[in-house]
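Listed below, chain by chain, are the residues.
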Amino acid sequence: MPTPEHQPASDAPAVLEIDDEDLIGQADWVIGGDAGRKGRRQAWYAAYVATLGAGAYGFPVVQAAVQTTDPAWLRAQLSSPLAVGILGLSIVAVFWSLYSAGNFRGPVVPPLPWIDHVVGTPMDRALTVRRWWRLSVGSTMFAGALTGATLGAGVAFAGLMPWYAAGLAIVIGAAVGRASGALWLWGQVRSWPGPDRGPRLLYRPRDALRALHAESLRTHSANTSTIGGSVLAGNLRTARLQLARPVRHARRARLRASGPFRVIVRRDLLGMRRLPSTLWSGLAFTVIAATVLVWAVVNPAAPMLAITVGLVPAYLGYGAWAEGLRLQADNAGTPSLLGISPRAEASAHLVAPTALMLLALLAGVAIASRVEPVPATVAIQVPLLLAVLTGGHLLAAFRGTPPGAILRSGSGPVLLILWYLSPGLVVIAVGSLGLWLVRSTDTGTMWAIALAVAVVGFGFVRVQSLTDAHRI
Amino acid sequence: MSTVAVLKGDVHAEGVGKTIDTTTLLLPTNVRAKPGRCVVLRGPNGSGKTTLLRIIGGLLEPTVGTATIGGVRADERLPSIRAAVGALIGTPTTYRDLTLIDHLVLIDSTWGRDPDTSDARGLELMGQLGIEHLHDRFPHELSSGQQQLFRLALTFSRPATVVLLDEPEQRLDTGKREVVTELIRERARAGATVVMACHDPAMTKSLATSVVDVVPAR
């Protein structure tokens, strides 16, 4: 309670003087103890490991890819409008991804005790949450610079560009990273209603930090804990549901009744209409994938690595459209509601993503055929790609729970990461090998078809085994 | 095309019990039910009513005893068992991108019913439960009581010769419990075998043709 001598002499409001930096330092020690210093050391260590990884693996791979390709042809390709367009699209995709991520998990996520006891005080919010912002924006800048360094140095070392271009790539990468960080923060600010959330906050980070609402920080912190916990436990369903926004689009659209198989396909199409973000993100990835893959398939001089690179967005694009398949896997173990067998249901869920991917690849081939002759092997390579993507997503949706070995203290985290990546790695490995085999010999084509059939077959075996596995 | 045997709704659970390691979830229990009958399972929390329902539905393997439906061992992996058993045990997973009526149309269609009248059947069922005005809502937009009614609608929208219900009265007010009681009675009159766990004495008195008291392990 204020004593009389503390009351202001006039009607002017009393002023409270606060040494923000000093108070934050004290709070930091009381709440976190030595945790802040340890956290900073961990961040430096992560950067050190990433740099080593880029030097040991990224740089040699880029260099090898460039050196195994005709330099004059590659130079012409890299300076073509198509290459510039792909680069621009990729950067836009990174920007969009981080802005969207900011809606659920922004760059500023202090622990809950800090939010309750420090962020809620009258101290300047730009100071109380500054540490997490600096760590995040530092990470995005570092990731951008490292990517620029890896690509730039690899290309320069192969003699395709002068050395100073590598330095330029580092600067550009860091700038893209900085802009991504700003968009990430802007996404977080805009995830909560407020009076002033315009684009000027993109270049005024202190104002953006002050615009962060305590409840929004709390929500993002809780999201981080839930998503982090589910990811560590291998429970992707919880993480997906946590990330998902409530559906409100196309409420008046109706699912049209029809036969058992067709109604499942219609369900998936209606789902895409009601979740346009999945439709558009799938389309964005697929356009990139179709461009790279068709280019690699049509040009015999294109490096094999292009196919491997193109399979990554293809896997992501197909996955964005395969929500129905994941929903079926979520239902495994619950009393049966649908009058259709699990395999038939899974097959129906594959129709929409496979048809959309086929359309994208055929459109790419049609455009390519106007520029140069398309080899006949495309007729085998396109279905092969679709089969591998289909099998990979059956494996991804019906992967079940991670092996118990992930709980081991030493190798556990690595096993968990491998478990997450395994369906994607199958697609990339079998897809790359399959297309290479088709390119090489006629016998190779037979092997490629056998591999693709095996992946699809194994996918359906997983559908049945996960459906049955819950019965103990 | 595959064919699935249509099983009669004869439910026989002979001395079924479940023990995991040293923990007994259900002591050996007998349940017998014929088509058109309604067996109510009673017992305190933790006595094993849900475990018993899961065993009868073929979702769980008993440690002792055998459970059959229409003379076939209750195993959810068998298409004929899946075709016979409609169950509300736990929370069914719903599609977050489908409205309530879409869910009912989806289930109805997968059982090969006439597509032209699918919407009408879904709306009629929702009307019976008093939630037809919620037809264009998404599942996340419902209250807990409305969600329970929706789950019951999902269960009743598929054909079944055996209906298993785990506390269908939960989260419902007295009026809605009477509505649900009438719906269950209707299913039994139509020839379905109903086995349900229930804590509501009024519902039990109104529906039960026989009562099985499930004894807790300790």
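Residues numbered from 1 in each chain as written. Chains lettered and ligands numbered in written order. Predicted model: local features only at pLDDT ≥ 70, side-chain atom pairs only at ≥ 80, totals over all residues. Heavy atoms only, no water.

**Focus: the side chain of S432 of chain A**
Residues and elements named next belong to chain A. Tracing the chain through its elements places S432 in helix 18 (residues 412-440). S432 sits in the buried class, given a relative accessible area of 11%. Discounting residues that sit within four places of it in the chain, S432 has contacts with M304, I307, T308, L311 and V427. (Helix = DSSP H or I, 4+ residues; strand = E, 2+ residues; numbered from the N terminus. Buried < 20%, exposed > 50% of the residue type's maximum accessible area, 1.4 Å probe, protein only. Contact = heavy atoms within 4.5 Å.)

**Quick notes on the packing of helix 16 (residues 342-371) of chain A against helix 17 (residues 378-397) of chain A**
Packed helix pairs are specified by the crossing angle of their axes together with the interaxial distance, meaning the distance between the axes. Residues and elements named next belong to chain A. As a packed pair, helix 16 and helix 17 sit with axes 10 Å apart at the nearest point and diverge in direction by 145°. For helix 16 against helix 17, the interelement crossing comes out right-handed. Residues A346, L350, T354, M357, L358, L361 and V365 of helix 16 touch helix 17, and the partners they reach there are V378, V382, L385, L386, L389, T390 and L394. (Axes fitted to C-alpha atoms, helices over the stretch in contact; angles between N-to-C directions. Left-handed = near helix turned anticlockwise from the far one by under 90°.)

**Some words on the pattern of salt bridges**
Residues and elements named next belong to chain A. This structure, assessed with the given rule, holds 26 salt bridges over all chains. The partner of E215 in a salt bridge is R218, with the nearest N and O atoms 2.4 Å apart. Taken together, the positions of E215 and R218, both in helix 10 (residues 214-233) and three residues apart, correspond to about one turn of that helix. Beyond isolated ion pairs, a larger network of salt bridges with shared partners links D124, R200, R204, R206, D207 and R210. (Salt bridge = Lys/Arg side-chain N within 4 Å of Asp/Glu carboxyl O.)

**Quick look at the sheet that holds strand 1 (residues 11-20) of chain B**
Residues and elements named next belong to chain B. Spatially, 2-1-4-5 is the arrangement adopted by the four strands of the open sheet, whose pairing is antiparallel. One side of each edge strand has no neighbouring strand; the edge strands of this open sheet are strand 2 (23-33) and strand 5 (72-73). Across seven bridges, strand 1 lies against strand 2 in antiparallel orientation. Each residue of the ladder has a partner; that of H12, found in strand 2, is R32. (Pairing = 2+ DSSP bridges.)

**Describing the interface of chain A and chain B**
Where the parts come together, the accessible area they lose is often given as the size of the interface. Taken together, the 44 residues of chain A in the interface contact 43 residues of chain B. Taken together, both faces of the contact between chain A and chain B bury some 3,800 Å²; the carbon and sulfur share is 54%. At the boundary of chain A and chain B, one finds six salt bridges. Here R96 of chain B and E323 of chain A are joined by a salt bridge, their closest N and O atoms 3.7 Å apart. Among the elements of the structure, helix 11 (236-243), helix 12 (260-274), helix 15 (323-331), helix 16 and helix 19 (442-469) of chain A are those that each provide at least two residues to the side of chain A that touches chain B. Broken down by element, the side of chain A that touches chain B gets its largest block of residues, seven residues, from helix 12 of chain A. Looking at the side of chain A that touches chain B residue by residue, the class counts come to 19 nonpolar, 11 polar and 14 charged. (Buried area = accessible area lost by both parts, 1.4 Å probe. Nonpolar A, V, L, I, M, F, W, Y, C, P; charged D, E, K, R; others polar.)

**Quick look at the sheet that holds strand 8 (residues 193-197) of chain B**
Residue and element names in this part refer to chain B. Strand order in this open sheet of five strands is 6-7-8-3-9, and the pairing throughout is parallel. On the outer flanks of this sheet lie strand 6 (85-88) and strand 9 (210-213), each paired with one strand and no other. Sheet twist, expressed as the mean angle between neighbouring strand axes with direction ignored, is 15°. On the sheet, helix 1 (residues 49-56) packs against strand 3 (38-42), strand 7 (162-166) and strand 8 and is oriented at approximately 160° with respect to strand 7.

**Some points on empty space enclosed by the protein**
A complete count under the given rule lists five cavities of 30 Å³ or more for this structure. Of the volumes computed, that of the largest cavity is approximately 360 Å³. For the lining of the largest cavity, the secondary-structure elements that each account for two or more residues are helix 15 and helix 16 of chain A together with helix 3 (100-110) of chain B. A per-element tally of the lining of the largest cavity places helix 3 of chain B first, with three residues. Its residues placed into classes, the lining of the largest cavity shows 10 nonpolar, nine polar and three charged. (1 Å grid on protein atoms, 1.4 Å probe; cavity = no way out; pocket = protein on both sides within 12 Å on 5 of 7 lines; lining within 4 Å. Points joined across faces, edges and corners; volume = space filled by probe spheres on them.)

**A word on the confidence of the model for chain B**
The pLDDT averaged across chain B works out to 93; a share of 99% of its residues lies at or above 70. Of all helices and strands in chain B, the one with the weakest mean pLDDT is helix 2 (residues 79-84) of chain B (89), whereas strand 8 of chain B scores best (97). (pLDDT = per-residue confidence, 0-100.)

**Topic: the environment of A202 of chain B**
Residues and elements named next belong to chain B. Residue position: A202 is located in helix 7 (residues 201-207). Judged by its relative accessible area of 53%, A202 falls in the exposed class. Along the chain, A202 and E178 lie 24 residues apart, while their C-alpha atoms are 9.0 Å from each other.

**Examining the domain arrangement of chain A**
Residues and elements named next belong to chain A. The domain boundaries assigned to chain A delineate domain 1 (17-228) and domain 2 (260-330 + 338-400 + 412-469). Averaged C-alpha coordinates put domain 1 and domain 2 at centres separated by 31 Å. In total, about 830 Å² of surface goes out of reach between domain 1 and domain 2, with carbon and sulfur atoms giving 84% of it. At the junction of domain 1 with domain 2, the criterion picks out zero salt bridges. Top contributing element to the side of domain 1 that touches domain 2 by residue count: helix 4 (residues 81-101), with three residues. (Domains from an automatic or database assignment.)

**Quick look at helix 1 of chain B**
All names here are of chain B. The buried fraction of helix 1 amounts to six of the eight residues, a majority that puts the element mostly inside the structure. When helix 1 is considered as a whole, its buried residues turn out to be K49, T51, L52, L53, I55 and I56. Tucked into the core, helix 1 has its buried residues touching strand 1, strand 2, strand 3, strand 4 (64-69), strand 7 and strand 8. Immediately beyond the C-terminal end of helix 1, within one or two residues, lies G58, with a positive phi of roughly 80°.

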